[in-house]
Amino acid sequence: MNTVETKLRDRGFEIPAPAASLASFVPTLQVRDLVYISGQLPVKDGKLAVQGVVGVDLNVDDAKKGAELCLLNIIGQLKAHVGSLENVRCVRLGGFVQSESGFKEHASVVNGASDLLIYALGDRGKHVRAAVGCSSLPLGAAVEVEAIFQIIDAESPAERLREAS
Amino acid sequence: MNTVETKLRDRGFEIPAPAASLASFVPTLQVRDLVYISGQLPVKDGKLAVQGVVGVDLNVDDAKKGAELCLLNIIGQLKAHVGSLENVRCVRLGGFVQSESGFKEHASVVNGASDLLIYALGDRGKHVRAAVGCSSLPLGAAVEVEAIFQIIDAESPAERLREAS
Amino acid sequence: MNTVETKLRDRGFEIPAPAASLASFVPTLQVRDLVYISGQLPVKDGKLAVQGVVGVDLNVDDAKKGAELCLLNIIGQLKAHVGSLENVRCVRLGGFVQSESGFKEHASVVNGASDLLIYALGDRGKHVRAAVGCSSLPLGAAVEVEAIFQIIDAESPAERLREAS
């Protein structure tokens, strides 16, 4: 069965265990069928894996891998919250790229998160997005991504069938 | 009939055709009656028209015109999604201004978007807002604006009547 | 009765009168039971009280006090909108910290807002959050915080009871 998890595993991605928040907030919060997810950093095995100013300390390709890590951590939080990844669709990603004036390739960097999400969830991964440049990010991260997902219940089977076709 | 479109035309603004996204995401996404709109840049006729660091490469007035362009592109996306601009109200604008430490006039810049929206939609254009400074923006844009709108259906005619008075 | 207001007063915080917006937008807007609140600055008695680049012009502790002020202004807007603070819960905070490359303590700064909110509202204060660094902020503020709250109505008493235990 070609589930979200097997799709990710096919490309060598394991869904991480959800990390505790860095601070005084919660990683996920649900209002009706919407799940809000706190900003996630490119953390792997408990350590910040991708840091610095994109275009200065690391290149766009490495930053893109950082955005993938952020997305995997989002998926990890979402799975822990919802239980399954088969009945969710993404609403919005907010992508923040640590960068200096003159940097222009935010879209390419944040595509690391968007492309992986659409690969894993198909049409249910399509989302709106804002990508911007930040002078600094928590812990020195190169990228941060936050998200809103919608849980699709049994009342709307059409949403899920669309992806199967 | 003084519609949103004629109001904009009266001031010399044409609603642009909606542009495709720069990247792996969609320009608009609807959850129930809310329409989320991806971050829009000051693009005109397919080209980035207002770029650079506000306060260094361009002044506040020019940046404000950039915010107007972002808003027109938001309106263009919204019209393409909803079909009409007569039954929508704005919930929130997020405004991002490329700028350096010491820049303080974010409110004036993003007012380019807020003022035009309120001019075009009247009370239905009133929105909450966060305006912040960014070290860089996609393609080198001077301004980026994202939005959430609500579609007002026939069940809530009072919302529409209020503007008519 | 240990209400939100008395809790805040116990720590020496007075809920400020809601300030008018700096610009062409509204401070609060409600969609169904969600109340969106515009980005609030560390303003006290009508004056910007905490400004500059965190880590350069002021330290993390002073910036944290700035985040507390932003939160108090959010609470002030919320109280003016809803009338009471006893039937609300926080959904999301967005925290923006004016800072340069190399600054890493965003979480500590924005905790000024998050900790005070959780102190005042208990479990109803728990929220998701994104904290990022900005090259500049309106008026030169050191911190800006925006928020989404949910009004909990009589249909969901369990939410309120949980905090009492």
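You'll find the structure just up there.
My aim in this report is to walk through the structure given alongside it, one point at a time. (Residues numbered from 1 in each chain as written. Chains lettered and ligands numbered in written order. Predicted model: local features only at pLDDT ≥ 70, side-chain atom pairs only at ≥ 80, totals over all residues. Heavy atoms only, no water.)

### Brief notes about the packing of aromatic side chains
- In this structure the tally under the stated criterion is zero aromatic pairs over all chains.
- Over the ring of A:Tyr119 we find A:Arg11, and its NZ or CZ is 3.6 Å from the ring centre. (Phe/Tyr/Trp six-rings, centres within 6.5 Å; stacked < 30°, edge-to-face > 60°. Lys NZ or Arg CZ within 6 Å of the ring centre and 35° of its normal.)

### Structural notes on the interface of chain B and chain A
- Taken together, the contact between chain B and chain A spans 28 residues of the former and 30 residues of the latter.
- Buried surface at the junction of chain B and chain A, both sides included, amounts to about 2,100 Å², of which 55% is carbon and sulfur.
- When residues of chain B are sorted by the area they lose upon contact with chain A, B:Ser24, B:Tyr36 and B:Ser135 head the list and together hold 25% of the total.
- Applying the counting criterion to the chain B and chain A interface returns two salt bridges.
- Note that B:Arg32 is salt-bridged to A:Asp33, the shortest N-O span being 3.0 Å. (Contact = heavy atoms within 4.5 Å. Buried area = accessible area lost by both parts, 1.4 Å probe. Salt bridge = Lys/Arg side-chain N within 4 Å of Asp/Glu carboxyl O.)

### Thoughts on the relation of the copies chain B and chain A
- Expressed as a screw transformation, the operator carrying chain B onto chain A has a rotation angle of 120° and an axial translation of 0.0 Å, and the superposed copies differ by an RMSD of 0.0 Å. The superposition operator between the copies reduces to a three-fold rotation axis.
- Mapped onto chain A, only 7% of the interface residues of chain B are again interface residues, and the two copies thus contact each other with different surfaces. (Least-squares fit on C-alpha atoms with pLDDT ≥ 70 in both.)

### Description of helix H2 (residues 60-82) of chain A
All names here are of chain A.
- Counted at 1.5 Å a residue, the expected span for H2 with its 23 residues is 33 Å, and the 32 Å between its end C-alpha atoms agrees.
- A side-chain oxygen of the first residue of H2 lies 3.2 Å from the backbone nitrogen of Asp61; this N-cap is Asn59.
- Of the residues trailing H2, Gly83 is marked for its positive phi of about 100°. (Helix = DSSP H or I, 4+ residues; strand = E, 2+ residues; numbered from the N terminus. Expected span 1.5 Å × (residues − 1). Polar contact = N/O pair within 3.5 Å; in protein donor to acceptor, adjacent residues only side chain to side chain.)

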